[in-house]
Amino acid sequence: MSAVLAHLSDPHLPLEIVPSRREWAIKRIISMISWRFNRRHIHRTRALAAVMRDIDACGADALAITGDLTNLGTREECIAATRWLDRLPTPRAVIPGNHDTMIRASWADGPGLWRDVGGMPDEETPVFLRVGDAALIGVSSAVPSPPFFASGRVSDIQIDRMAELLRRTGEQGLCRVVMIHHPPRKGLVLWSKALRGLDRFTEAVRSAGAEMVLHGHSHQGTFSTIPDSEIPVIGVTSASHRPGHSLKRAAGWNRISIHKEDRDWQITVESRRLAPDGQLHDFRTTRFTRPALRAEADIRPTKESVL
Ligand SMILES: [Fe+2]
Ligand SMILES: [Fe+2]
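Residue numbering note: each chain is counted from 1, following its sequence as written. The naming scheme follows written order: chains are lettered A onward, ligands numbered 1 onward. Selection of residues for local features in this predicted model requires a pLDDT of at least 70, selection of side-chain atom pairs for listing and counting requires 80 or more, and totals for whole chains, interfaces and linings are taken over all residues.

Undergrad: Got a minute to help me understand the sheet that holds strand β11 (residues 232-234) in this structure?
TA: Strands belonging to one sheet form pairs held by backbone hydrogen bonds; the direction of such a pair is parallel or antiparallel. Here, a strand pair is defined by DSSP locating no fewer than two bridges between the strands. Secondary structure counts use DSSP, requiring at least four H or I residues in a row for a helix and at least two E residues in a row for a strand, with both numbered from the N terminus. Spatial ordering of the open sheet is given by β4-β5-β7-β9-β11-β10, a layout of 6 strands whose pairing is mixed. In this open sheet, the two edge strands, each paired with only one partner strand, are β4 (127-131) and β10 (223-225). Strand after strand, the sheet turns through a mean of 25° between neighbouring axes, direction not considered. Sheet topology places strand β7 (residues 175-180) next to strand β9 (residues 212-215); 4 bridges connect them, and they run parallel. The residue bridging Ile-180 from the neighbouring strand is His-215, located in β9. Angles run from 0 to 180 degrees between N-to-C directions of axes, and those axes are lines fitted to C-alpha atoms, restricted for helices to the stretch in contact.

Following this line, the structure appears as structure tokens:
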């Protein structure tokens, strides 16, 4: 059985409702200024609509959405994001980004609202979605940070739960896809925006095993690896970035096809990007092979192991 995933990230849905007075904080004021004068001209509803139409036209078995659905992470924005998610095709796995938890606030009034539309069951439990032969396992690296910072961290509890899910799905012989908002690799974003506790996270992924990691946050479609491993780390541009003279940052998504051939996973990543003509085009196709684990149920005792 194969699986096709649509990986998209950082839609930064339009900011339509100004936060109430009790929701104001220095961090939100700074971010609001940035939105007013800069970011609202970059993140465009039409670009996002074109991406969603393209996903519909190309087809996918599931959506993997790696965070930053909002701009200031207010309750109203998170409710609007719930409505947006609810209109998208199912099934979906959704994790939050740093914008979705901009200030210290109740999880239930933030990304907790997405629980029934593909989000995490709670703040400390990774989202889990089985899609054919693939298992999507998404953790939250979204934590509040001081003004001018956008760093992230995955809690120890989540890392332990993620590792357990990775081990269990590995035993079932599934293709394990980890989702995290912040790139788990140094150098892909500025230090002020980076994942704290990177070593603990990457060590858990390496030792439990995974076939690939998907991330957002950088707004760039990069390919790298988990340090000291061959586990691919795949980024994607913001799903709402306006098209420009270069396709490098333009809105896009990755169509990830996974199928098993003999003892390997054959994985194809088609990166689609929005051009000024309003259409999405193939930007780059990347293929890689990952060794497939055999399901424990398929492993029959050999003569040697019986002896
Ligand atoms: Fe973002
Ligand atoms: Fe982000």
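Undergrad: Sorry if this is basic, but what is going on with unusual backbone geometry here?
TA: The general pattern is negative phi for most residues beyond glycine and trans for most peptide bonds. A cis amide bond links Thr-90 to the next residue, Pro-91, at an omega of -5°. Mapped onto the secondary structure, Pro-91 falls in the loop between α3 (75-87) and β3 (92-95). Its identity is not glycine, yet His-217 carries a phi of approximately 75°, on the positive side. In this structure, His-217 sits in the loop between β9 and β10. A positive phi angle, close to 60°, is found at Asp-228, a residue other than glycine. Each residue is classed by its C-beta neighbour count within 10 Å, where at least 20 other C-beta atoms makes it buried, 12 or fewer makes it exposed, and intermediate counts make it partly exposed; the C-beta atoms are placed from backbone geometry. Exposure remark for Asp-228: the 9 C-beta atoms within 10 Å place this residue in the exposed category.

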